[in-house]
Structure formats: structure tokens, C-alpha cells
Amino acid sequence: MALSQKLSQKPRILVVGGGYVGLTVARQLQKKVKAAGGVVTVVDPLPYMTYQPFLPEVVGGHIEARHAVVNHREHLRDTELLNGSLVSVDHEARTATVELEGGGTAEVPYKEIVMGAGATTRTFPIEGLGDQGIGLKTIEEAVYVRNRILERIEAASMMTDETAKARALTFTVVGGGFAGIECIAEMEDIIRGAVDANPRLSQSDVRIVMVEAMGRVMPEVTEDQAEGVVEHLRGRGIEVLLNTSLGSAVGGDLQLISMADKSEADRFGCDTLVWTAGVAANSVAKSTGFPIDDRGRIKVAATLQIVGEDGDVIEGAWAAGDVAAVPDLTGAGPGGFCVPNAQHALRQAKQLAQNLTAVRFGQGQVDEYRHESLGAVAGLGMFQGVGNPKGVKLAGLPAWLAHRGYHGMAIPSVERSVRIATGWVNELIFGRDFTPLRDLENPREAFERAAGKKKDEVKA
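What counts as what
- Residues numbered from 1 in each chain as written.
- Predicted model: local features only at pLDDT ≥ 70, side-chain atom pairs only at ≥ 80, totals over all residues.
- Heavy atoms only, no water.
- Helix = DSSP H or I, 4+ residues; strand = E, 2+ residues; numbered from the N terminus.
- Buried < 20%, exposed > 50% of the residue type's maximum accessible area, 1.4 Å probe, protein only.
- Contact = heavy atoms within 4.5 Å.
- Areas by Shrake-Rupley, 256 points an atom, 1.4 Å probe, with all protein chains shown as cover.
- Lys, Arg positive; Asp, Glu negative; His and termini not counted.
- Charge placed at Lys NZ, Arg CZ, Asp CG, Glu CD.
- Expected span 1.5 Å × (residues − 1).
- Arc of directions from axis to C-beta.
- Phe/Tyr/Trp six-rings, centres within 6.5 Å; stacked < 30°, edge-to-face > 60°.
- Lys NZ or Arg CZ within 6 Å of the ring centre and 35° of its normal.
- Patch = residues over 30% accessible without salt bridge, like charges linked within 9 Å, V, L, I, M, F, W, Y side chains within 5 Å.
- Salt bridge = Lys/Arg side-chain N within 4 Å of Asp/Glu carboxyl O.
- Axes fitted to C-alpha atoms, helices over the stretch in contact; angles between N-to-C directions.
- Parallel < 35°, antiparallel > 145°, perpendicular 65-115°, else oblique.
- Left-handed = near helix turned anticlockwise from the far one by under 90°.
- Nonpolar A, V, L, I, M, F, W, Y, C, P; charged D, E, K, R; others polar.
- Pairing = 2+ DSSP bridges.
- Bend = angle between axes of the 7 residues up to and from the residue.

Visitor: Which parts of the structure should I look at to understand the overall build of the protein chain?
Guide: Broken down by element type, the protein chain carries 14 helices and 25 strands. For the protein chain, the spread of C-alpha atoms along the three principal axes comes to 70 × 60 × 50 Å. In the protein chain, buried positions account for 51% of the 460 residues. For the protein chain, contacts bridging at least 24 residues in sequence account for 66% of all contacts bridging at least 6. Entry remark: accessible area of the protein chain is about 21,200 Å², with carbon and sulfur atoms responsible for 52%. With 48 positive and 58 negative side-chain charges, the protein chain shows a spacing of 6 Å between the two charge centroids.

Right, here's the structure in full:
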């Protein structure tokens, strides 16, 4: 039997994406729609939502990886879940084509569609980047970066080749936004702790480099705070290279370019390269047939309804979050649009659910999305942070507490908040866990050897 025949035949609200927007919209609507004889269907390749603000803390080992994700089946029990990727949308026929994770495709009819597919890592055509680098947008990437750091430190402690050792103990992050700064601060924290625990190494063996093409970091905070962050990181031994870009990464040989005169600023070997230099709207937006702007985002009105090229609302079509060009009615957003962050995505999702309810059930009214930023807070490793919540400048311990307090409450579901808080308390009592998980890329290696395969066959 084809999957299309197994899907509910009830009037459907199709939610594309199970991240901030998709999870929140589905949670807000599922019971109401079910009671009215309909169904909410969420389409996403993954069975969980990733709470991305916690990815740096996963890298730093403060949070268990599975606690930074929210299981769809656990929290969307009245929602129809479909693991797959959107291929195309025929909105006139109210049908979407979905490529299933297990193979094959399904035609999914709907009455309303909500585009909440979020964003993906934005990269540039830098030679070698695709082979050597890794992003920090998924929980799998965060786990890999942590294990990579710990594995390279342990391996380096046994190396006699000084060049190979220096390469193994060089760690580079490209991108000085919130994600990059939090990531490199957490990396320095765990690197310092792991090196201290290894008597064969010293801190002077390690090189940690931050590369940022602009003349400052963290545009979300004030300039003096950004300068303070740079000074703080440099005080921890991190090389912060502003007005510098990555020119090449072929074979792990990093070439840095000065933005001032385009000359080579530095060249060195590096085994761990993390790319956090921006995000881009999910390319699935281009497969929908809905109008998109020059940045690949779906065009929407302030009511979060998708609009046509003429500016008129398209009936039954909604979008929010990073995949949508949502007007910022406060005037604070660059270019007049909301910045792509969790703060906006969560609140847009709630407004979208309210507006969709008003249109479909005649309950309430359709309102425009308007949100004054609450500011931002960032963690910079244990007991360190920076932020400006509600315009109040914070640094050090107060900022770190604000960061953990806000995000500990903001992650969806009380259950996840409790698991996160419990992990933090355990760390304060017992200390950081430096245990790396080995062979995650080939978990069958031990069994294959036991079954008689030779080492070179296993590697192949």
C-alpha cells in the first residue's frame, strides 16, 4: 500500500519543518484541529527539533546531546509525523510532494500550508572547505566537534612529529557572530581542561584561532561590548583575527587572507576547522513556487501570510522563521526584516498559530507580528558571558547566569528544561566529563574485526 493511502484523509494543515516554527505551530494547533475533525501534519527529515542555542554547550560538554533536542513523537502526540523532505508544492491543487526518508515519494494533500523549514549553513566557494570544515547547525555536528577536539588532544599527546602535533593541536573557527564566539569560547574551555588533565601536554602546545572578515564581532551587542569580548578571548590565549578571511583549506593547510589588501596574512596546518560564518534560508523555499526575495526567503506580510508578486495574500499559505522574509515593524531589523534567530522564530510561530486559528475557525483576529527585541545573551564558557537583555549591559557571571536562565526556560517543554538543569547541577558537583565517544562514524568496526575482517578491509 502506498504511503499516500495510509495518510489521514482529514482536512490537513501541512507544516513543513519541525524546528522552532514547526514544533511550536503544531503544538499550538494539534488539539484544536483534531477536535474540529482535521489533522496537523509535520514534515521534516529528522524526528526531533534541535535547540540550536545549546549547540556550543554540547561542544563544551555541559549538556548531553540528546537533551538539546526535542522529540517530535513525545511532544506532538496529536500530530501526524512524516519523516521526509519537501520536493515541490502545487498550491493551486493544494498538494505537496514529499521525498520519504525510507525511499519513495508521497503526495500529501492539504488545506493550509505552513512553511517553517528554517535555515542552513551558508558557505562560500572556498577551495578545500567542503572537505576539511564542519558547521555548527546540527546536534550531530556539535557532537562531532566535541569528540574531534578530545580525540585530537589525546592523539597529539602521543605524537613525536612536532609538525603533526602542532597541526593536531590547532583549532580554528571561522565566523565571529554569536554562534562562532560561543563556540570558540566553549572550545577553549574544554581544550584547556583536557590539556590540563593530560601530563604529556602543556597549554603552550595549543593554538586556537578565530577568523572574522569584518572589523568587529557579535553585531547583536554594542561596539564596546564587542571590543570587550575580543579582549576577553585574547586574554584566554585565543588569536582573534579581524578583517581576515579564509582563502583556502586544501588538505587542512589553511590560508588566511587580509581583507585590507587581499594579501596572505597567515598559513598553517589545522586538523579542526569549524565554519560558523552565517546562515541562509533553507533552499526548499525555491521548490514551493511561492515568491522569494533576493536572499531566497519566502515573501510574507506582517501577518505571516505568504504574499504573491502583487503583494496580495495567498489564501491558505503561511510562513515564519528563518525561511521567511518577515517585516520588522519596529524598524530595528536590517533591511526592514526580522533577523534570523530563535527569539523571533518562536514568537512568530505563536502569532502564526493564532492568525491561522482566526482564519480557519473564526476565533480571534488576525494581527501583525511585532516584537521589540529583548536583547541578547551569550555564554563564553563556564561563569563567563556577555549580553544586553532589555538594554542592560551584562558581562561575566551575571551574563552567564542570564544566558543559562533564559535558554534553560526557553527550550520547548518543561521536561527538557528539567533535564538540562539537572545536567548543569551534576557538572557543578562532579566536574566536566571529558570522555570522548570513539568510532561514531563506524560503530560496526569492533564487530567487523571480531567477525574476521582485516583492519584494512574494515577501514575501506
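We are not done yet, so read on.
Visitor: When you look at helix α9 (residues 223–235) in this model, what are you seeing that I'm missing?
Guide: For an α-helix the count is 3.6 residues per turn, leaving residues at separations of three or four pointing the same way. The end-to-end C-alpha separation of α9 is 18 Å, in line with the 18 Å expected for 13 residues at 1.5 Å each. Along α9, the residues classified as buried are Gln 225, Ala 226, Val 229, Val 230 and Leu 233. One side of α9 holds all its buried residues, which, seen down the axis, span an arc of 145°. Residues Glu 231 and Gly 235 are exposed on α9 and point more than 90 degrees away from its buried face. Where α9 is buried, its residues meet α8 (178–196), β13 (238–241), β24 (385–387) and β25 (394–395). Just past α9, the residue Gly 237 takes up positive phi, approximately 90°.

Visitor: Can you help me understand the packing of aromatic side chains in this one?
Guide: Aromatic ring pairs are defined here through the distance separating the ring centres and the angle between the ring planes. All chains considered together, the criterion is met by 5 aromatic pairs. Pairing Phe 54 with Trp 424 gives two aromatic rings, centres 5.8 Å apart and planes at 85°, and the pair type is edge-to-face. One end of the pair, Phe 54, is in the loop between β3 (48–50) and α3 (55–59); the other, Trp 424, is in helix α12 (residues 414–430), with 370 residues separating them in the sequence. A relative accessible area of 0% means that Phe 54 is categorised as buried. Of the residues examined, Trp 424 reaches a relative accessible area of 10% and is grouped as buried. The positively charged end of Arg 207 is found above the aromatic ring belonging to Phe 268, 4.2 Å away from the centroid. Cation over ring: Arg 297 sits above Phe 337, and NZ or CZ is 4.9 Å from the ring centre.

Visitor: I'm lost on a nonpolar patch on the surface in this one. Help?
Guide: Among the surface-exposed residues, Phe 383, Leu 397, Leu 401, Val 425, Leu 428, Ile 429 and Phe 430 lie close enough to one another that they form a single nonpolar patch of about 730 Å² accessible area. Breaking the nonpolar patch down by element, the ones donating at least two residues are α11 (396–410) and α12.

Visitor: Just to check I follow, could you spell out the packing of helix α2 (residues 20–35) against helix α10 (residues 342–361) for this structure?
Guide: Think of two packed helices as two axes; the pair is described by the angle between the axes and how far apart they sit. At a minimum axis separation of 8 Å, α2 and α10 run at an interaxial angle of 30°. In terms of their interaxial angle, α2 and α10 are classed as roughly parallel. The chirality of how α2 crosses α10 is right-handed. Between α2, through Tyr 20, Val 21, Thr 24, Val 25, Gln 28, Leu 29, Lys 32 and Val 33, and α10, the contact on the second element is made entirely by Ala 342, Ala 345, Leu 346, Ala 349, Lys 350, Leu 352, Ala 353, Leu 356, Thr 357, Arg 360 and Phe 361. Counted by class, the contact of α2 with α10 contains 13 nonpolar, 3 polar and 3 charged residues.

Visitor: Just to check I follow, could you spell out the sheet that holds strand β14 (residues 244–248) for this structure?
Guide: Through backbone hydrogen bonds, the strands of a sheet pair up, either in parallel or in antiparallel fashion. The strand order across the open sheet built from 3 strands is β14-β15-β16, with neighbouring strands paired in antiparallel fashion. In this open sheet, the two strands that pair with only one neighbour each are β14 and β16 (264–269). For this sheet, the mean inter-axis angle between neighbouring strands, taken without regard to orientation, is 30°. Two strands pair when backbone bridges link them, and strand β15 (residues 253–258) and β16 are joined in this way by 5 bridges, in the antiparallel orientation. Its bridge partner lying in β16, Leu 254 is registered against Phe 268.

Visitor: Any chance you could explain the environment of Trp 318 here in plain terms?
Guide: You can see Trp 318 is positioned in strand β21 (residues 313–319). Overall, the relative accessible area of 2% leaves Trp 318 in the buried class. Look past the residues within four positions of Trp 318 in its chain and what remains in contact with it is Glu 112, Ile 113, Val 114, Met 115, Thr 303, Leu 304, Gln 305, Ile 306, Leu 352, Asn 355, Leu 356 and Val 359.

Visitor: Where do I start with the packing of α11 against α12 in this structure?
Guide: Running from N to C, α11 and α12 point in directions that differ by 145°, and their axes come no closer than 8 Å. Handedness of the crossing formed by α11 with α12: right-handed. When α11 is examined against α12, the residues Arg 404, Gly 408 and Met 409 are found in contact with a partner set consisting of Ser 417, Trp 424 and Glu 427. Of the residues that constitute the contact of α11 with α12, the class distribution is 2 nonpolar, 2 polar and 2 charged.

Visitor: For this particular structure, what's the right way to read the sheet that holds β25?
Guide: The antiparallel open sheet is built from 3 strands, whose spatial order is β23-β24-β25. Since the sheet does not close on itself, it has two edges, and those belong to β23 (377–379) and β25, each with one partner. Inspection of the sheet shows β23 paired to β24 by 3 bridges, in the antiparallel sense. Each bridged residue has a counterpart across the sheet, and for Val 377 the counterpart in β24 is Gly 387.

Visitor: Could you clarify how one ought to interpret α2 in this entry?
Guide: Look at α2: 24 Å from first C-alpha to last across 16 residues, which is about the 22 Å you get at 1.5 Å a residue. The largest bend along α2 reaches roughly 45° and is located at Leu 29. All of the buried residues in α2 are Tyr 20, Val 21, Gly 22, Leu 23, Thr 24, Val 25, Ala 26, Leu 29, Gln 30 and Val 33. Buried residues along α2 sit in contact with β1 (12–16), β2 (39–44), β3, β4 (69–71), α4 (72–75) and α10.

Visitor: I would appreciate a short explanation of the environment of Val 307 in the present structure.
Guide: Checked against the element boundaries, Val 307 lands in strand β20 (residues 305–307). Among the residues examined, Val 307 registers a relative accessible area of 9% and is labelled buried. In this structure the C-alpha to C-alpha distance between Val 307 and Ile 292, which are 15 residues apart in sequence, comes to 9.6 Å. Beyond its immediate sequence surroundings of up to four residues, Val 307 is in contact with Pro 291, Lys 299, Val 300, Ala 301, Asp 312, Val 313 and Ile 314.

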